[in-house]
Amino acid sequence: MKKHNFSAGPSVLPQEVLKKASEAVLNFNHSDLSLIEISHRSTDFVAVMEKAQSLALELLGLENKGYSVLFLQGGASLEFLMVPYNLLKVGGKAAYLDTGTWSSKSIKEANLFGTIDVVASSKDKNYSYIPKGYNIPSDIDYFHCTSNNTIFGTQLKSFPKTDSLLVCDMSSDIFSRQLDFSQFDLIYAGAQKNMGPAGTTLVVVKKSILGNTGRKIPSMLDYQVHISKDSMFNTPSVFAVYVSMLTLQWLKDLGGIAAIEKINNAKATLLYNEIDSNRLFEGVAANADRSYMNVTFTLTDDSYKDTFDRLWKEAGINGINGHRSVGGYRASIYNALPLESVEVLVAIMKKLANS
Ligand SMILES: Cc1ncc(COP(=O)(O)O)c(C=O)c1O
């Protein structure tokens, strides 16, 4: 029996994707060879890379708009430094919005490259809300934000207008909701939430913004090098790219981001309604900023903890313990998590209240 997997990442993937991936590990494209024992430069794998890139652009509505798609390694964490390396001019300045652990890690890395103006932070309330009404200076090379704060369960519902470049870490909500993705000049996301296994990072970057910093960039950290080699400058993470391609194809077949957004809204609404109506639970994040991917909540009465923990474990639920910096619970309800899993969790929350 498959568990109800609410893990924050690596996280649930569609069953049919896991099945196809396991088949390809044994025998890829009827070649009698495994996907992970053939050359990344073979015709079959080059086709996988090209398909993954074109699906990403298609799903985001960014075809023919000057964007390149890269599948890199090093996780989203490496992008924390590749972004300033490639976009922050020598002696330049960038602005960052600090909405959580991952934002603050990106700020720490960017500080190594130039002047970083943190325009606003929600650290004062343990990142339980998204700051608003801040000013973005005009003399910056780019503005960086994190669209969804995986640990704290907050999400940016809209993005600031700025004349400078807009860069976004979308690791935990990419492909989950309809946005005008062309407002961003660079988007990055570790694969291991909504796209595939850990091991590859999606970078979608407008080619025209690169090459203007005046600094020398080591080849492996230079987006232009990776673009010129079609993400094959060195050996890509073939398995992670393949599974990402399968997941993007699954999403396309489902009806794309518009279709998954409806399902995601239904899952989030069901769970938040229960949190708000059940006397034993309360949400952690400010209502207006609640994430539709990571739902953080606590018990109002800790004496119910042992019973609640026993009930969800018995129901086959996995991965809802909160992050250590928040406590309580976190249900990650990414694209591939079925509505049925949320229904099971909600039924247990009701059962607890009636116990
Ligand atoms: C929003 C966000 N950014 C960055 C990261 C770091 O990603 P990685 O582990 O791929 O470096 C994570 C990991 O959970 C994340 O949720």
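Note that the structure is a prediction, hence the values are computed from the model and not measured.

1. Some words on the overall build of the chain
On a plain count of helices and strands, the chain comes out with nine helices and 14 strands. Taking 20 Å as the expected radius of gyration for a compact globule of 355 residues, we find that the chain reaches 21 Å, a close match to that expectation. Partitioning the contacts of the chain with sequence separation of at least 6, the portion at a separation of at least 24 is 67%. Separation of charge centres in the chain, based on 35 positive and 35 negative side chains, amounts to 2 Å.

2. Details of the nonpolar core
Burial of nonpolar side chains together is a common tendency in soluble globular proteins. Among the nonpolar cores identified, the biggest contains 84 residues, and F175, L271 and F308 are the most heavily contacted of them. Those residues within four positions of F175 in sequence are excluded, and the remaining contacts are A56, L59, L60, M195, L202, L248, L251, I257, I260 and N335. Counting 28 residues, the second largest nonpolar core, distinct from the first, contains L72, A76, L87 and Y96.

3. Quick word on the pattern of salt bridges
Taken as a whole, this structure holds eleven salt bridges when the rule is applied. A salt bridge links D173 to R177; its shortest N-O distance comes to 3.0 Å. Residue classification places D173 among the buried residues on the basis of a relative accessible area of 3%.

4. A look at the sheet that holds strand 11 (residues 281-283)
Taken in spatial order, the three strands line up as 11-12-14 in an open sheet, and their pairing is antiparallel. Two strands bound the open sheet, and with one partner strand each, they are strand 11 and strand 14 (329-332). Each strand axis lies, on average, 35° off the axis of its neighbour in the sheet, ignoring direction. Two strands pair when backbone bridges link them, and strand 11 and strand 12 (residues 294-299) are joined in this way by three bridges, in the antiparallel orientation. For E282, the partnering residue across the bridge sits in strand 12 and is T298. Helix-sheet contacts for helix 7 (residues 256-277) involve strand 11, strand 12 and strand 14, and the interaxial angle to strand 12 is about 20°. Running at roughly 25° to strand 14, helix 8 (residues 305-314) makes contact with strand 11, strand 12 and strand 14 of the sheet.

5. Remarks on the environment of L13
Position of L13 relative to the elements: it lies in the loop between strand 1 (4-5) and helix 1 (15-26). Separated by 231 residues in the primary sequence, L13 and S244 have C-alpha atoms spaced 9.8 Å apart. Here L13 is in contact with L18, M195, G196, P197, V243, T247 and A336, once residues within four sequence places are set aside.

6. A few points about helix 1
Helix length check: helix 1 (twelve residues) gives 17 Å between terminal C-alpha atoms against 16 Å at 1.5 Å per residue, within 8%. Turning to helix 1, its buried residues are V17, A21 and A24. The arc that holds the buried residues of helix 1, viewed along the axis, is 60°, so those residues lie on one side. Away from the buried face of helix 1 by more than 90 degrees, exposed residues K19 and L26 are located. Tucked into the core, helix 1 has its buried residues touching helix 6 (238-254).

7. Structural notes on the site of the ligand
What surrounds the ligand is the set G75, A76, S77, F80, W102, T146, N148, T150, D169, S171, Q192 and K193. One nitrogen or oxygen atom from the side chain of S77 is found 2.6 Å from an oxygen atom belonging to the ligand. Interatomic distance of 3.4 Å between a side-chain N/O atom of W102 and an oxygen atom of the ligand. Contact with the protein chains hides 85% of the accessible area of the ligand, taken as 390 Å² for the molecule alone. Looking at the shell around the ligand, its residues break down into three nonpolar, seven polar and two charged.

8. A word on the packing of aromatic side chains
Evaluation of the coordinates by the stated rule reveals twelve aromatic pairs. Taken together, a centroid distance of 6.2 Å and an interplanar angle of 70° make the contact between F80 and Y188 edge-to-face. With F80 in helix 3 (residues 75-87) and Y188 in strand 9 (residues 186-190), the pair connects residues that are 108 residues apart, well separated along the chain. The class of Y188 is buried, set by a relative accessible area of 0%. Summarising the aromatic geometry, the rings of Y127 and F152 are spaced 5.1 Å apart at their centres and angled 55° between planes, so their arrangement reads as tilted. Residue Y127 is located in the loop between strand 4 (115-121) and strand 5 (142-146), and its partner F152 is located in the loop between strand 6 (148-149) and strand 7 (154-155); the two are separated by 25 residues in the primary sequence. Given a relative accessible area of 6%, Y127 falls into the buried group. Taken together, the ring pairs connect F281, F297, F308 and Y329 into an aromatic cluster. Against the face of Y129 rests K125, its NZ or CZ located 5.8 Å from the ring centre. Cation over ring: K313 sits above W312, and NZ or CZ is 5.3 Å from the ring centre.

9. Comments concerning helix 4 (residues 101-110)
Count 3.6 residues to each turn of an α-helix, and residues three or four apart come out pointing the same way. Residues of helix 4 that are buried: S103, S106, I107 and A110. The buried residues of helix 4 occupy an angular sector of 100° when projected down its axis, which confines them to one face. Looking at the buried side of helix 4, the elements it contacts are helix 3, strand 3 (93-98), strand 4, strand 5, strand 6 and strand 9.

10. Notes on the sheet that holds strand 3
In space, the seven strands of this open sheet follow the order 2-10-9-8-5-3-4, with mixed pairing throughout. Of all strands in the sheet, those bounded by a partner on one side alone are strand 2 (67-72) and strand 4. On average, each strand axis in the sheet is tilted by 15° relative to the strand beside it, whichever way the strands run. In the packing of helix 2 (residues 43-60) onto the sheet, the strands contacted are strand 2 and strand 10 (201-206), and the crossing angle to strand 2 comes to about 130°.

Procedures and definitions
Within every chain, residues take consecutive numbers counted from 1 along the sequence as written. Confidence filtering applies because this is a predicted model: local features only for residues at pLDDT of at least 70, side-chain atom pairs given and counted only at 80 or more, and all residues used for totals across whole chains, interfaces and linings. Side-chain metrics in this entry use all non-hydrogen atoms of the structure; hydrogen atoms and water are not considered. Secondary structure is summarised from DSSP: a helix means a run of H or I of at least four residues, a strand means a run of E of at least two, and numbering begins at the N terminus for each. Radius of gyration: over C-alpha atoms. The globule rule applied is 2.2 Å multiplied by the number of residues raised to the 0.38 power. Residues count as neighbours in contact if any of their non-hydrogen atoms are within 4.5 Å of one another. For the purpose of counting charges, residues Lys and Arg are taken to be positive, whereas Asp and Glu are taken to be negative. His and the chain ends are not included. The location of each charge is read from NZ of Lys, CZ of Arg, CG of Asp or CD of Glu. Residues grouped as a nonpolar core are buried Ala, Val, Leu, Ile, Met, Phe, Trp, Tyr and Cys residues, joined through side-chain atoms within 4.5 Å. Under the scheme applied here, a residue whose accessible area is under 20% of the maximum for its type counts as buried, over 50% as exposed, and between as partly exposed, the area being computed with a 1.4 Å probe on protein chains only. We define a salt bridge as a side-chain nitrogen of Lys or Arg found within 4 Å of a carboxyl oxygen belonging to Asp or Glu. Each pair of strands is called paired provided DSSP finds at least two bridges between the two strands. To get an axis, a line is fitted to the C-alpha atoms, and for a helix only the part in contact is used. The angle between two axes follows their N-to-C directions and goes from 0 to 180 degrees. Multiplying one less than the number of residues by 1.5 Å gives the expected span of a helix. This arc is taken over the directions from the axis of the helix to the C-beta atoms. Whether a residue is near a molecule or strand depends on its heavy atoms: if one lies within 4 Å, it is near. Any pair of nitrogen or oxygen atoms within 3.5 Å is treated as a polar contact; in protein, a donor-acceptor pairing is required on top of that, and neighbouring residues in sequence qualify only through side-chain atoms on both sides. The Shrake-Rupley method, run with a 1.4 Å probe sphere, supplies the accessible areas, and residue values consider only the shown protein chains as cover. Three classes are used, and their members are as follows: Ala, Val, Leu, Ile, Met, Phe, Trp, Tyr, Cys and Pro are nonpolar, Asp, Glu, Lys and Arg are charged, and the others, Gly among them, are polar. Pairing of aromatic side chains here covers Phe, Tyr and the six-membered ring of Trp, requires ring centres within 6.5 Å, and sorts the geometry by plane angle: under 30 degrees stacked, over 60 edge-to-face, intermediate tilted. Charge over a ring is defined by NZ of Lys or CZ of Arg lying within 6 Å of the ring centre and within 35 degrees of the ring normal.

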